[in-house]
Amino acid sequence: MNRLAGKVALVTGASDGLGLEVARAFVAEGAAVAFVARSADKLRAITDALVAGGGRALPVACDVGVSAQVEAAVAATVAAFGRLDVLVNNAAVAIPGDITDQSDEDWNRLLNINLLSVFRGIKFALPHMLAQGSGSVINMASLQGDRAWDHWTTYAAAKGAMKAMTRQLAGQYGPRGVRFNCISPGAMDTPMNQERRKREGDAFYEANKRLHALGRMGRADEVNGAAIFLASDESSFVTGADLLVDGGLSVLPRG
Ligand SMILES: NC(=O)c1ccc[n+]([C@@H]2O[C@H](COP(=O)([O-])OP(=O)(O)OC[C@H]3O[C@@H](n4cnc5c(N)ncnc54)[C@H](O)[C@@H]3O)[C@@H](O)[C@H]2O)c1
């Protein structure tokens, strides 16, 4: 409790899955948190319950694919809470596709949501962090940025670029007190994968169990510890890192 007391965070993709769990965990640790996603009604139901319980939570409807909306979300967060200490770039979509079938539009659509959203979040949040002389940016990456899975080239390209951006910005802005890190989850049981299960059947979940050293997929709340660590001053000497929260997916040979 209170590992994030006094901090203000903005979490994108906070209406479902990992983003929702991380944003809720940040509130439980004493942070004031802007919950950012597209559905205002869904967000309001989540944040109303947290506020009723004494938490500090703000619903911010925003499509991270639209620059002006991301700019407005950052401005709304700072207007409500007075500063911005932590940015979690988490929102993303999972759209597979074989490279020989894909169009420019397919690539632009995914890169806009999964990669340019990260650029936008940082572009608008960083000036506040630089003015404060401190900040922590956490980019939700994936092992797919490092390893091959058939038909996921676009998604992997976005995650790989996110990792490169993270290292680049960690180097550039470290001297000014802003830290940049990634979290790379393994396969987690979130709506993103529940959708895949609907499309691909139970075999997808069974295969994933075998691929993880821990013999199972991750729960949606199992990145919370890593996110709290990277958001808090406990990670004050950690920047440019890619923290694997992957149940050992990276250490087993691909089955
Ligand atoms: N689930 C996994 O196995 C897994 C593994 C590795 C990495 N990741 C990454 O973790 C992050 C979260 O994944 P998840 O499984 O929780 O996904 P999810 O689909 O369950 O939730 C994604 C969230 O992002 C929001 N979102 C999507 N498009 C948006 C947009 N244009 N504007 C604003 N919000 C938008 C959704 O509304 C939702 O709140 C993603 O970056 C994903 O790539 C997930």
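Residues numbered from 1 in each chain as written. Predicted model: local features only at pLDDT ≥ 70, side-chain atom pairs only at ≥ 80, totals over all residues.

Draft legend 1. Expanded view of the overall build of the protein. Counting its regular elements, the protein contains eight helices and nine strands. Scaling as 2.2 N^0.38, a compact globule of 255 residues should have a C-alpha radius of gyration of about 18 Å, and the protein matches this with 17 Å. A separation threshold of at least 6 residues defines the contact pool for the protein, and within that pool the share at least 24 residues apart is 72%. (Helix = DSSP H or I, 4+ residues; strand = E, 2+ residues; numbered from the N terminus. Rg over C-alpha atoms; globule rule 2.2 N^0.38 Å. Contact = placed C-beta atoms within 7 Å.)

Draft legend 2. Region of the structure containing the nonpolar core. Formed by 71 residues in total, the largest nonpolar core has its most connected members in Val11, Phe26, Val33, Phe35 and Ala227. Setting aside chain neighbours within four positions, we find Phe35 in contact with Val11, Ala14, Ala23, Leu43, Ile46, Thr47, Ala57, Leu58, Pro59 and Val60. (Core = buried A, V, L, I, M, F, W, Y, C linked by C-beta atoms within 7 Å. Buried ≥ 20, exposed ≤ 12 C-beta atoms within 10 Å, placed from the backbone.)

Draft legend 3. Representation of the environment of Gly13 in the model. When you line up the elements, Gly13 lands in the loop between β1 (8-12) and α1 (17-28). When residues no more than four places from it in sequence are discounted, the contact partners of Gly13 are Gly19, Ala37, Asn90, Ala91 and Ala92.

Draft legend 4. Main features of the site of the ligand. Among the 26 residues in the neighbourhood of the ligand, the closest are listed as Gly13, Gly17, Ala92, Thr190 and Met192. When its residues are assigned to classes, the shell around the ligand shows 13 nonpolar, ten polar and three charged. (Near = placed C-beta within 6 Å. Nonpolar A, V, L, I, M, F, W, Y, C, P; charged D, E, K, R; others polar.)

Draft legend 5. The sheet that holds strand β6 (residues 178-185), seen in detail. One open sheet holds the seven strands; their spatial order is β3-β2-β1-β4-β5-β6-β9, and the pairing between them is parallel. Pairing within the sheet leaves two strands with one partner each, and these edge strands are β3 (56-61) and β9 (242-245). Direction aside, neighbouring strands of the sheet carry axes that sit 20 degrees apart on average. One ladder, built from three bridges, connects β1 with strand β4 (residues 86-89); its direction is parallel. If you follow Val11 over to β4, its bridge partner there is Val88. Packing of helix α5 (residues 153-173) onto the sheet brings it into contact with β5 (135-140), β6 and β9, and relative to β6 it is tilted by some 160 degrees. (Pairing = 2+ DSSP bridges. Axes fitted to C-alpha atoms, helices over the stretch in contact; angles between N-to-C directions.)

Draft legend 6. Highlighting the packing of α1 against helix α8 (residues 224-231). α8 packs onto α1 with a crossing angle of 55 degrees between their chain directions and a minimal axis gap of 9 Å. Taken as axis vectors, α1 and α8 run oblique relative to one another. As for the relative orientation of α1 and α8, their crossing is right-handed in sense. Mapping the contact onto sequence places Glu21, Val22, Ala25 and Phe26 in α1 and Asn224, Ala227, Ile228 and Ala231 in α8. Here the contact of α1 with α8 is composed, by residue class, of six nonpolar, one polar and one charged. (Parallel < 35°, antiparallel > 145°, perpendicular 65-115°, else oblique. Left-handed = near helix turned anticlockwise from the far one by under 90°.)

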